[in-house]
Amino acid sequence: MDDARKHTIGSIEKLTDYSDYNLYKMDICYDYSIDRIIDRKITDDESALGAILQEVLPDYPVNLKMPNFGCSAFTMKNPDSVMMGRNYDFKNDTSSMLVYCTPKDGYRSVAFAALDNVNANNPEQSDETRLATLLSPFICLDGINEKGVSIAVLTLDSSPVRQQSGKPVIATTLAIRLVLDRAATTEEAVELFQKYDMFASSGRDYHFYVTDSTGDGRVVEYDCDSYDRKLVVTKSPAVTNFFVMYKDFVKPYQKNGVYGHGRERYDKIINILKENNIQTKETAWQALVAASQAPNPNDITSNTQWSIVYDNTNLTADIAIRRDWKTVTKYSLKENKIIE
């Protein structure tokens, strides 16, 4: 293993002290190329995993699975800052990793990876788990970059999108990395999505929520009623697990066929934002608490694993793990460190 990867593993820091699942941080010290990964021709889950492994760990066997994800996200704005709130909901408990990246051809960013997806809930347990954490840049589910662009991915109930228009193919979590590395605004993020055919990994369908330092919040979706799964972008202050473009077809507290579910969480967030004329970080936490979900082994989008308030103006992230609202870890992207 080269020195850069050794330094990356050596940078792992445990930030919380729960008895089971925890929050960790690591700095990605090795060079990677998102373009090389895409150029390896992704056609399915196996080829997507292979492309990532070839870039990160070509000589090591690692047990990796592509993730599923539920969640809620929203944008709020006040005179001092723009924030994105984000709940990551998934039925299986997981440790999480703050992943700091400084690509040579892109923007600095910090993003969140669910370590259960690489069988590394305790990153320091073995050589295998330490190696698995090196894949973290490419399994992140949300994040923010130095330009104040934040992004999150959320699951849907429709059939997985598999566009085949002849453009280069990009898989779900690679789109997260692409936006964090390359987009300086929400509009630039949308332009990036438009350059690729989307392959939804792990047998699930997804949409993306992107916002920037101006408060331009948009949902990027692949129309479930379109034969070629046309990309549709909709301005929205919030998003959960239904097609925002078909919001009028979605009722709360029920499944709504291909159009999705979670309207009740969306409504709670919207109501809280409307009730607060001055939207502060406390408002964001109020909305996250209202939209959070308790564990339910029969519901893949239950069990809030982490809640984050990304500040797109001041480039910070405030994090609570598994609904422990009294314990908040505060991170500064400008300084790449935990702050008081």
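Residues numbered from 1 in each chain as written. Predicted model: local features only at pLDDT ≥ 70, side-chain atom pairs only at ≥ 80, totals over all residues. Heavy atoms only, no water.

1. What to know about helix α3 (residues 45-56)
Move 1: Between its first and last C-alpha atoms α3 spans 17 Å; for twelve residues at 1.5 Å apiece the expected length is 16 Å, and the two agree.
Move 2: For α3, the complete set of buried residues consists of S47, A48, L49, A51, I52, E55 and V56. (Helix = DSSP H or I, 4+ residues; strand = E, 2+ residues; numbered from the N terminus. Expected span 1.5 Å × (residues − 1). Buried < 20%, exposed > 50% of the residue type's maximum accessible area, 1.4 Å probe, protein only.)

2. A word on the packing of aromatic side chains
Move 1: Scanning the entire structure with this criterion turns up eleven aromatic pairs.
Move 2: Look at Y88 and W306: their rings are 4.3 Å apart centre to centre, the planes differ by 35°, and that puts the pair in the tilted class. Linking Y88 in strand β4 (residues 82-89) with W306 in strand β17 (residues 304-311), this pair joins segments that are 218 residues apart in sequence.
Move 3: With centroids separated by 5.4 Å and ring planes inclined at 75°, the aromatic side chains of F242 and Y266 adopt a geometry described as edge-to-face. In this pair, F242 sits in strand β15 (residues 241-242) while Y266 sits in helix α7 (residues 263-275), placing the two residues 24 residues apart along the sequence. (Phe/Tyr/Trp six-rings, centres within 6.5 Å; stacked < 30°, edge-to-face > 60°.)

3. Quick word on the pairing of β4
Move 1: Taking burial as the measure, the eight residues of β4 include eight buried ones, the bulk of the element.
Move 2: Here β4 shows two buried faces, one formed by V82, M84, R86 and Y88 and the other by M83, G85, N87 and D89.
Move 3: Note that strand β3 (residues 72-77) and β4 share six bridges and pair antiparallel. Each bridged residue has a counterpart across the sheet, and for S72 the counterpart in β4 is N87.
Move 4: Between the end of β3 and the start of β4, which pair antiparallel, lie four residues.
Move 5: With seven bridges joining them, β4 and β17 adopt antiparallel strand pairing. Bridge pairing in β17 places N87 opposite S307. (Pairing = 2+ DSSP bridges.)

4. Some thoughts on the pattern of salt bridges
Move 1: Tallied over the entire structure, the rule returns 21 salt bridges.
Move 2: In this structure, D216 and K235 form a salt bridge, with 2.8 Å as the shortest nitrogen-oxygen distance. Taken together, the positions of D216 in the loop between β11 (205-211) and β12 (218-222) and K235 in strand β13 (residues 231-235) put the pair 19 residues apart, joining distant regions of the chain.
Move 3: Owing to a relative accessible area of 59%, K235 belongs among the exposed residues under this scheme.
Move 4: Between E335 and K337 there is a salt bridge, and its shortest N-O distance comes to 3.5 Å.
Move 5: Its relative accessible area of 48% is what places E335 among the partly exposed residues.
Move 6: Among the charged side chains, a network of salt bridges with common partners joins E187, D216, R218 and K235. (Salt bridge = Lys/Arg side-chain N within 4 Å of Asp/Glu carboxyl O.)

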